[in-house]
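The lines below spell out each chain.
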Amino acid sequence: MIEFTIDGKKVKATEGEFILPVALREGFDIPTLCHHEALGSDGRCRICVVEVKRGSRKRIVTSCLYPVADGIEVSTNAPDVMLVRKSVLELLYARCPEAEVLGHLAKKYGVENVRYSKDHDKGKCILCNICIRACAEIVGVSALGFSGKGMSKKVTTPFDEPSDTCIACGACVVACPTGHIFMKDDKGVRTIWKKKFPLAQCPECSRFHAPVEQLQYISKVTNVPLETLMVCQDCR
Amino acid sequence: MDIDKKKLDTIIKKNGGERNRILAIYQDIQSEYRYLPKEAVQYVCGRLDIPLVKGFEVATFYKALSLKPKGKHSVCVCLGTACHLKGGPAILETFERELKVKRDDTTEDGMFSVDTVNCLGACALAPLVRVDGKDFGKTSPPTVKKIIKEFKHGA
Ligand code: SF4
Ligand code: FES
Ligand code: FES
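Residue positions are given per chain, counted from 1 along the sequence in the order it is written. In the order they appear in the text, chains get letters beginning with A and ligands get numbers beginning with 1. Predicted model: local features are reported for residues with pLDDT of at least 70 only, side-chain atom pairs are reported and counted for 80 or more only, and whole-chain, interface and lining totals are derived from all residues. For the side-chain quantities, the full set of heavy atoms in the structure was used; hydrogens and water were omitted.

A. Structural context of the packing of helix α1 (residues 5-14) of chain B against helix α3 (residues 38-48) of chain B. Residues and elements named next belong to chain B. Axis separation between α1 and α3 bottoms out at 11 Å; the angle between their running directions is 50 degrees. Here α1 is positioned oblique relative to α3, judged by the angle of their axes. Relative to α3, the crossing made by α1 is right-handed. Every residue of α3 that contacts α1 at Lys 5, Leu 8, Asp 9 and Ile 12 is listed here: Ala 40, Tyr 43, Val 44, Arg 47 and Leu 48. Helix axes use the C-alpha atoms of the stretch in contact, all axes being lines fitted to C-alpha atoms, and the angles between their N-to-C directions lie in the range 0 to 180 degrees. Each helix is a run of H or I in the DSSP string that is no shorter than four residues. Each strand is a run of E no shorter than two, and both are numbered from the N terminus. Orientation labels follow simple angle bins: below 35 degrees gives roughly parallel, above 145 gives roughly antiparallel, 65 to 115 gives roughly perpendicular, and whatever is left gives oblique. For a crossing to be left-handed, the near helix must be turned anticlockwise from the far one by less than a right angle; the clockwise case is right-handed. When checking whether two residues touch, look at their non-hydrogen atoms; a contact exists if any pair is within 4.5 Å.

In structure tokens form, the structure reads like this:
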């Protein structure tokens, strides 16, 4: 058992835990973008910064990746924390001015005038890596990845072409913290990542309920016959 | 593009068929074809059993690799700090103008590709240009024209 303080309050944690989950459990408010319940931390967005005081040394760390330790004093709102968080938000906001979440956070943390010129070619993507990890680690198909680096880095499918492994499940869309990924269901067809996928129609209620390719994939990994899966969840 | 699978197999084998050798494998393929054909990336990923998108990530991350066919001659203009200050940008502009090509691209006739680099490690010779592995130091717009001639006709 490890004991330390967050904003003066004594808290307990298990060895190996990171600060963020402990703080959230204890009811403290730390903003996050690249942290995901099912995927854990990735340390990419940097807005979860806190100040950690160990003895006489203070430093700013990313709470989602900083292991708890006995006797540390964590501050979630010290002036330096607010300053760093504000700068990070300013940069993210300049990259994705269309992303509503960033607009809200910028307002909440008092980012008034953005000093950098705004990008208009990045969509709402902050390169948090969540969609890529969801696709690989939860779904298991690895249809998404980064391409390029620096200014031209982006999330995409291999060769920016419709992917052979994508099953149109939409996990990336659900997981994305900013709503960057486009997906549309229309007349029995789902469009996602520049590809069109037919949706399965339930033989009972004739509702379009899931992409055929997703059902085929589920059938393959779970050995449940495809005919069973073609029936929608409500009618099953 | 048709790729020679035997050739790729040899390259993969030479690198021990290991996933963590993918960059070395790509480099060998690139020197064989002067670029990294898409089909080669697909083949290598299949053989190394890594998701295609991961192989694509690596292929697009390094400037030394190109998924587009490169020109017969590769011009590399240094824009590192020293070369930048000594007129590198003007050298680049001269190449772009003379060859009617933009940086990071290849001339229509496939003769020259023009790329930039941040320091080739010979700053005393700034501004530096490397063509097909050969270095030209203290270049100026007039010498650029000479260099182009040399490679156009020598080829
Ligand atoms: S598309 Fe969304 S989930 Fe994927 S990296 Fe960009 S912001 Fe993150
Ligand atoms: S949540 Fe910690 S870096 Fe993004
Ligand atoms: S800056 Fe050009 S060689 Fe170093």
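Back to the text.
B. Representation of the sheet that holds strand β3 (residues 49-54) of chain A within the structure. Residues and elements named next belong to chain A. Strands qualify as paired when DSSP identifies two bridges or more between them. Spatial ordering of the open sheet is given by β2-β1-β5-β3-β4, a layout of five strands whose pairing is mixed. Both edges of this open sheet fall to β2 (9-13) and β4 (57-62), since each of them pairs with a single strand only. When strand polarity is set aside, the average angle formed by the axes of neighbouring strands in this sheet is 30 degrees. The pairing of β3 with β4 spans six bridges and is antiparallel. Pairing of Glu 51 across the sheet is with Ile 60, part of β4.

C. Representation of the site of ligand 1 within the structure. The criterion for a residue being near a molecule or strand is simple. One of its heavy atoms has to lie within 4 Å of it. Inspection of the region around ligand 1 gives Cys125(A), Ile126(A), Leu127(A), Cys128(A), Asn129(A), Cys131(A), Val155(A), Cys176(A), Pro177(A), Thr178(A), His180(A) and Ile181(A) as its neighbouring residues. Broken down by class, the residue content of the shell around ligand 1 amounts to nine nonpolar, three polar and no charged. For this classification, the nonpolar set comprises Ala, Val, Leu, Ile, Met, Phe, Trp, Tyr, Cys and Pro, the charged set comprises Asp, Glu, Lys and Arg, and every other residue, Gly included, is treated as polar.

D. Expanded view of the pairing of β2(A). All names here are of chain A. Taken together, the five bridges between strand β1 (residues 2-6) and β2 define a ladder with antiparallel strand orientation. When the sheet's bridge partners are listed, Ile 2 is paired in β2 with Ala 13. Between β1 and the antiparallel strand that follows it, β2, lie two residues; Asp 7 among them carries a positive phi value of about 45 degrees.

E. The domain arrangement of chain B, seen in detail. For the domains described, the bounds stem from an automatic or database domain assignment. According to the domain assignment, chain B contains domain 1 (5-61) and domain 2 (73-152). The C-alpha-based centres of domain 1 of chain B and domain 2 of chain B are spaced at 29 Å.

F. Examining the interface of chain A and chain B more closely. Each side of the interface is counted separately: chain A has 15 residues, and chain B has 14 residues. Computed with a 1.4 Å rolling probe, the buried area is the accessible surface lost when two parts are put together, summed over both parts. When the area that chain A buries against chain B is broken down by residue, the three leading residues are Lys149(A), Pro158(A) and Phe159(A), summing to 51%. Here, a salt bridge means any Lys or Arg side-chain nitrogen found within 4 Å of an Asp or Glu carboxyl oxygen. Note that Glu161(A) and Lys38(B) form a salt bridge whose closest N and O atoms lie 2.9 Å from each other. For this analysis, a polar contact is any N or O atom pair within 3.5 Å, provided that within protein one partner can donate a hydrogen and the other can accept it, and provided that sequence-adjacent residues contribute only side-chain to side-chain pairs. Across the contact surface, chain A and chain B share four residue pairs in polar contact (both at pLDDT 80 or more). Considering each element in turn, the side of chain A that touches chain B owes the most residues, three residues, to strand β6 (residues 145-147) of chain A.

G. Expanded view of the sheet that holds strand β9 (residues 189-192) of chain A. All names here are of chain A. Here four strands make up an open sheet; going across it, the order is β8-β9-β10-β11 and the pairing antiparallel. Lying at the two open borders of the sheet, with one neighbouring strand each, are β8 (183-186) and β11 (208-211). Averaged over all neighbouring strand pairs, the angle between strand axes comes to 30 degrees, with direction disregarded. Relative to β9, β8 runs antiparallel, the two being bridged by four bridges. Pairing of Asp 186 across the sheet is with Val 189, part of β9. Together, β10 (195-201) and β11 form the strand contacts of helix α6 (residues 212-222), whose direction differs from that of β11 by roughly 65 degrees.

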